[in-house]
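Secondary and tertiary structure notes
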Number of protein chains: 2
Amino acid sequence: MNNLTEIFKEKKLKLTPQRIAVYKYLKSSKEHPSAETIYKALQPEYPTMSLATVYKALKTLVEVGLVQELNVGEGNFRYDGNICNHPHIQCLSCGRVDDIEGFCFTDLNTSIKQYTDYEVLTNQVYFYGLCKDCKNKKK
Amino acid sequence: MNNLTEIFKEKKLKLTPQRIAVYKYLKSSKEHPSAETIYKALQPEYPTMSLATVYKALKTLVEVGLVQELNVGEGNFRYDGNICNHPHIQCLSCGRVDDIEGFCFTDLNTSIKQYTDYEVLTNQVYFYGLCKDCKNKKK
DNA sequence: ATACCTGCAAAGGTTTTGCACATAC
DNA sequence: GTATGTGCAAAACCTTTGCAGGTAT
């Protein structure tokens, strides 16, 4: 939350209730929600906020580096309030997306250098499988 | 090409000129084209083929495992005729997508097991950076 | 006071769908 | 001959945009 205030002040962006709400929601959630999901979740508390505003707030937050955009290949984007570089895993059965903690792939950028003539800057690693619940249901 | 014939026969799918053209194009290309790109590329030789048919052909090819779908986070899908599990890299400047060869991440599924309660099945690894051409242009 | 942001509605881009006709088997 | 696939147009999604009015600084 302090990050938000500082960075917005520094970049001369306005700290509106809508932007705060979106950021707060992302910081408190581990669900990697889509814009639509965020919009619906904030609806009760911010009934007048529009979906377009959610999209605009997300774009701004991504631009200033407070939030990261994920694309697990569903045809839409998801957002993550945790900006440190960590892999994600999606359940092929129920679609939920979880963080994988304790494993950092930043060093991969270095290991991959010898296999490409690109200047490697970042990476995204996605795993796919079956979550605990869906595994149990199958039994 | 033999794969295509065999698998389609086995799954009782029809081997139409359109499906063959899409598959052949993907096998011959290293560009990881989108549906639109494939459609335009095949236009001269198949002027009556519709974009919807390209989409349907791609869906079928992905379903039977002859082609893989990529999502580098552009808001659309790209397709790859090379189905073995390899990482991709996209240029943040010009948007091109290249294969990274000589590096296989299948063993990552095993190494990641201790960090998640999912049953890990597959993964997708994307790198982002600057390609040779764009690096040189900047100088 | 004013530059920036919101909310609405409309537009833009990608992918899917329904249906009549065509074609691979 | 029949089930499946194609081509067209329309629809369904997700995301962006333009603009008038509102608000944080």
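Our structure is the block above this text.
Residues numbered from 1 in each chain as written. Chains lettered and ligands numbered in written order. Predicted model: local features only at pLDDT ≥ 70, side-chain atom pairs only at ≥ 80, totals over all residues. Heavy atoms only, no water.

On to the layout of surface pockets. Over the atoms, a rolling probe the size of a water molecule traces out where space has been left empty. In this model, the largest pocket occupies a volume close to 460 Å³. Along its surface, the largest pocket is lined by 21 residues, and Tyr128 of chain A together with Gln68, Glu69, Thr122 and Gln124 of chain B are the ones closest to its centre. Listing elements by their share of the lining of the largest pocket, those giving two or more residues are strand E5 (119-130) of chain A together with strand E1 (68-70) and strand E5 (119-130) of chain B. Looking at which element gives the most residues to the lining of the largest pocket, the answer is E5 of chain B, with five residues. (1 Å grid on protein atoms, 1.4 Å probe; cavity = no way out; pocket = protein on both sides within 12 Å on 5 of 7 lines; lining within 4 Å. Points joined across faces, edges and corners; volume = space filled by probe spheres on them. Helix = DSSP H or I, 4+ residues; strand = E, 2+ residues; numbered from the N terminus.)

This brings us to the packing of helix H2 (residues 17-28) of chain A against helix H3 (residues 35-42) of chain A. Residues and elements named next belong to chain A. Two numbers describe how H2 lies on H3: the axes approach to 11 Å, and their chain directions differ by 105°. Between H2 and H3, the angle is such that the two are roughly perpendicular. In this structure, H2 contributes Ala21, Val22, Tyr25 and Leu26 to the contact, and H3 contributes Ile38, Ala41 and Leu42. (Axes fitted to C-alpha atoms, helices over the stretch in contact; angles between N-to-C directions. Parallel < 35°, antiparallel > 145°, perpendicular 65-115°, else oblique. Contact = heavy atoms within 4.5 Å.)

This part covers the pairing of strand E3 (residues 88-91) of chain A. All names here are of chain A. Residues His88 and Gln90 point to one face of E3 and Ile89 and Cys91 to the other, with burial holding for every one of them. Pairing geometry for E3 and strand E4 (residues 97-99), over three bridges, is antiparallel. Across the sheet, Ile89 pairs through a bridge with Asp98, a residue of E4. Counting the residues in the hairpin turn of E3 and E4 gives five residues, including Gly95, whose phi is positive at 85°. Across four bridges, the pairing between E3 and E5 is parallel. The residue bridging His88 from the neighbouring strand is Tyr126, located in E5. (Buried < 20%, exposed > 50% of the residue type's maximum accessible area, 1.4 Å probe, protein only. Pairing = 2+ DSSP bridges.)

Nothing here speaks to function; it is all geometry.
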